[in-house]
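If you want the building blocks of each chain, they are given just below.
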Amino acid sequence: MNIYRKLLRGWITLTSIIGFVGGWVFIARATEIETVTYVGQTAVTMPELEPIPTVNGLAGNPLSVSNVQTFTFSQSTSQQSFSPPMRTGGS
Amino acid sequence: MQNEKIINALTLTAVLVVGVTAMAIGLLAVQAGFATSPLRLASDSLSLDSVHLWWYVTRAAGLMGYLLFWLSTLWGFAVSSKIFDSFLERMFTYDFHEHLSLLSLGFIVLHALVLLVEKVEPLSVMEILVPFVSAYRPFWTGIGIIAFYLTVLVTVTFYIRSWISMKTFRVIHYLSVVAYFGSLFHSLYAGSDSLLSWVQWMYGGTTLVTVFFMMYWVFLLWQRRSEKAIA
């Protein structure tokens, strides 16, 4: 076979493989960015959410700490004074 | 000539097998923790750690298969219209056309085989081989399967050309146009990448170029027939 034909075949094969790998990288990146999901037949683009601040990040910023809602648990007085209505009569 | 073609086909298969084996060894090396910096970079770029790895591979193979098939179809129109005859040897352009078809088939086969193992939209052997039975978009998947069979049929005629008449060869080759549009609609309506803007531009551009070459080819065909009728 003509050497030029061999070279041409080699070139197109190599280019195709490079194109395939390039497409693979591009698709992987594009998918990560666009984050498209499907609900039945309909494509839904998921909204980008803001990153959740870390606890350490909040602790380092006094302003942020003031905004943090504190969770307190207080037992209600009704629960403290709760007495079961059923009593046994005893023997 | 026939033996040479068979040897070429076997060489191409061997190159693909060696390439895939090398890729598999590379993947194993990365996963086994032998990753050096360039390997790590390659691993990150190709998302080798991703659970969707095979999903990316099948999509890339499908897109590459479509592009090569488009190029082969376009080249076929150009060869038939004798566009390259003034500056390229006909045997050379014909050989290139045949090689593009083979490569295209290779990537389409890879696209189908990976769909068997990936987890996002897994398909069974039956769903891949039999048109319109797939759970995922059955109509457009079926169109893609038919387009693949037509492409195989057209490619096979390269190897049995000496055994069939030129008229049969041409009639079967006309089916490649149907196969091209089948693959286009399959890619558009069954491909998950159709939502990406650059993919839409790619499909739009390739279709426009194909339609242009096809119109030119039809015009030349009509002109030749008219000249024959007058003579």
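Let me sum up the structure you'll find in this document. Here the structure is a predicted model, which means the values were calculated and not measured. Sequence order as written defines the numbering, with residues in each chain counted from 1. Think of it this way: whatever chain is written first is A, whatever ligand is written first is 1, and the rest follow in order. Local features in a predicted model are, by the rule used here, given only for residues with pLDDT of at least 70; side-chain atom pairs are given and counted only at 80 or more, and totals for whole chains, interfaces and linings are based on all residues. As a rule here, side-chain values cover all heavy atoms of the structure and leave hydrogens and water aside.

1. Section: a positive patch on the surface
Residues and elements named next belong to chain B. Here, patches come from residues exposed beyond 30% relative accessible area and free of salt bridges, joined within 9 Å for like charges and within 5 Å for nonpolar side chains (Val, Leu, Ile, Met, Phe, Trp, Tyr). Note on areas: Shrake-Rupley with a 1.4 Å probe; residue coverage comes only from the protein chains shown. What makes a salt bridge here is a side-chain nitrogen of Lys or Arg within 4 Å of a carboxyl oxygen of Asp or Glu, nothing more. Counting rule applied: Lys, Arg positive; Asp, Glu negative; His and chain ends not counted. Lysine's charge is taken at NZ, arginine's at CZ, aspartate's at CG and glutamate's at CD. Together, Lys82, Arg161, Arg170, Arg224, Arg225 and Lys228 give the surface a local cluster of positive charge. Counting residues per element, the positive patch draws most heavily on helix α8 (residues 197-230), which supplies 3 residues. Within the secondary structure, arginine 161 sits in the loop between α6 (138-159) and α7 (166-190). You can call arginine 161 partly exposed: its relative accessible area is 30%. Secondary structure elements are defined from DSSP: runs of H or I of at least 4 residues count as helices, runs of E of at least 2 residues count as strands, and each element is numbered from the N terminus. Only protein chains enter the accessibility calculation, which uses a 1.4 Å probe. A residue is then buried if its area is under 20% of the maximum for its type, exposed if over 50%, and partly exposed in between.

2. Comments concerning the nonpolar core
Phe20 and Trp24 of chain A together with Tyr203 of chain B are the most contacted members of the largest nonpolar core, which has 35 residues in total. Elements that contribute at least two residues to this core include exactly α1 (3-34) of chain A together with α3 (53-80), α4 (90-117), α7 and α8 of chain B. When residues in this core are grouped by element, the largest group, 15 residues, is from α3 of chain B. Nonpolar cores were defined as sets of buried Ala, Val, Leu, Ile, Met, Phe, Trp, Tyr and Cys residues, with membership established by side-chain atoms within 4.5 Å.

3. Some details on the packing of aromatic side chains
All names here are of chain B. Pairing of aromatic side chains requires ring centres within 6.5 Å, counting the rings of Phe and Tyr and the six-membered ring of Trp. Pairs whose planes differ by under 30 degrees are stacked, by over 60 edge-to-face, and all others tilted. By the definition in use, this model includes 20 aromatic pairs over all chains. Taken together, a centroid distance of 6.4 Å and an interplanar angle of 50° make the contact between phenylalanine 69 and tyrosine 180 tilted. Placement of phenylalanine 69 in helix α3 and of tyrosine 180 in helix α7 is noted, with a sequence separation of 111 residues between them. Under the relative-accessibility criterion, tyrosine 180 is labelled buried at 0%. A network of ring pairs unites the aromatic residues Tyr66, Phe69, Tyr180, Phe181 and Tyr203 as a single cluster. Lysine NZ or arginine CZ positioned within 6 Å of the ring centre and within 35 degrees of the ring normal marks a charge as sitting over the ring. Here the basic side chain of arginine 161 rests over the ring of phenylalanine 169, its NZ or CZ set 4.6 Å away from the ring centre.

4. Some words on a nonpolar patch on the surface
All names here are of chain B. Together, Trp54, Val109, Leu113, Leu116, Val117, Val125, Met126, Leu129, Val130, Val133 and Tyr149 give the surface a local cluster of nonpolar side chains, amounting to about 960 Å² of exposed area. Where the nonpolar patch is concerned, the elements lending two or more residues are α4 and α5 (125-129). Take the nonpolar patch: its biggest share by element is 4 residues, from α4.

5. A short note on the packing of α3 of chain B against α8 of chain B
All names here are of chain B. Angles run from 0 to 180 degrees between N-to-C directions of axes, and those axes are lines fitted to C-alpha atoms, restricted for helices to the stretch in contact. Put simply, α3 and α8 touch, their axes get as near as 9 Å, and they point 20° apart. Between α3 and α8, the crossing angle belongs to the class labelled roughly parallel. For the element pair α3 and α8, the recorded crossing hand is left-handed. On α8, the residues touching Leu63, Tyr66, Leu67, Trp70, Leu74, Phe77, Ala78 and Ser80 of α3 are Trp198, Val199, Met202, Tyr203, Thr206, Thr207, Val209, Thr210, Phe213, Met214, Trp217 and Arg224. Grouping the amino acids of the contact of α3 with α8 by side-chain chemistry returns 15 nonpolar, 4 polar and 1 charged. Should an angle fall under 35 degrees it is called roughly parallel, over 145 degrees roughly antiparallel, and 65 to 115 degrees roughly perpendicular, with every other angle called oblique. A crossing counts as left-handed when the near helix is turned anticlockwise from the far one by less than a right angle, and as right-handed when that turn is clockwise. When checking whether two residues touch, look at their non-hydrogen atoms; a contact exists if any pair is within 4.5 Å. Only Asp, Glu, Lys and Arg are considered charged in this grouping, and only Ala, Val, Leu, Ile, Met, Phe, Trp, Tyr, Cys and Pro are considered nonpolar; every other residue, Gly among them, is considered polar.

6. Considerations on the pattern of salt bridges
Taken as a whole and assessed by the stated rule, the structure comprises 2 salt bridges over all chains. Aspartate 95 of chain B is the salt-bridge partner of arginine 9 of chain A, the closest N and O atoms lying 2.6 Å from each other. Taken together, the positions of arginine 9 of chain A in helix α1 and aspartate 95 of chain B in helix α4 put the pair across two chains. Judged by relative accessible area, aspartate 95 of chain B falls into the buried class, the value being 5%. The closest approach of N and O atoms between aspartate 193 of chain B and arginine 59 of chain B, which form a salt bridge, is 2.4 Å.

7. What about the packing of α4 of chain B against α6 of chain B?
All names here are of chain B. Axis separation between α4 and α6 bottoms out at 10 Å; the angle between their running directions is 145°. In the crossing of α4 with α6, the sense of the turn from one axis to the other is left-handed. Between α4 and α6, the contacting residues are Tyr94, His97, Glu98, Ser101, Leu102, Leu105, Ile108 and Val109 on the first element and Phe148, Thr151, Val152, Thr155, Phe158 and Tyr159 on the second. Class assignment of the residues belonging to the contact of α4 with α6 gives a composition of 9 nonpolar, 4 polar and 1 charged.

8. What to know about α3 of chain B
Multiplying 1.5 Å by the helix residue count minus one yields the expected span of that helix. The end-to-end C-alpha distance of α3 of chain B, which contains 28 residues, comes to 40 Å, matching closely the 40 Å that a straight helix rising 1.5 Å per residue would cover. Burial within α3 of chain B is extensive, with 24 of its 28 residues counted as buried.

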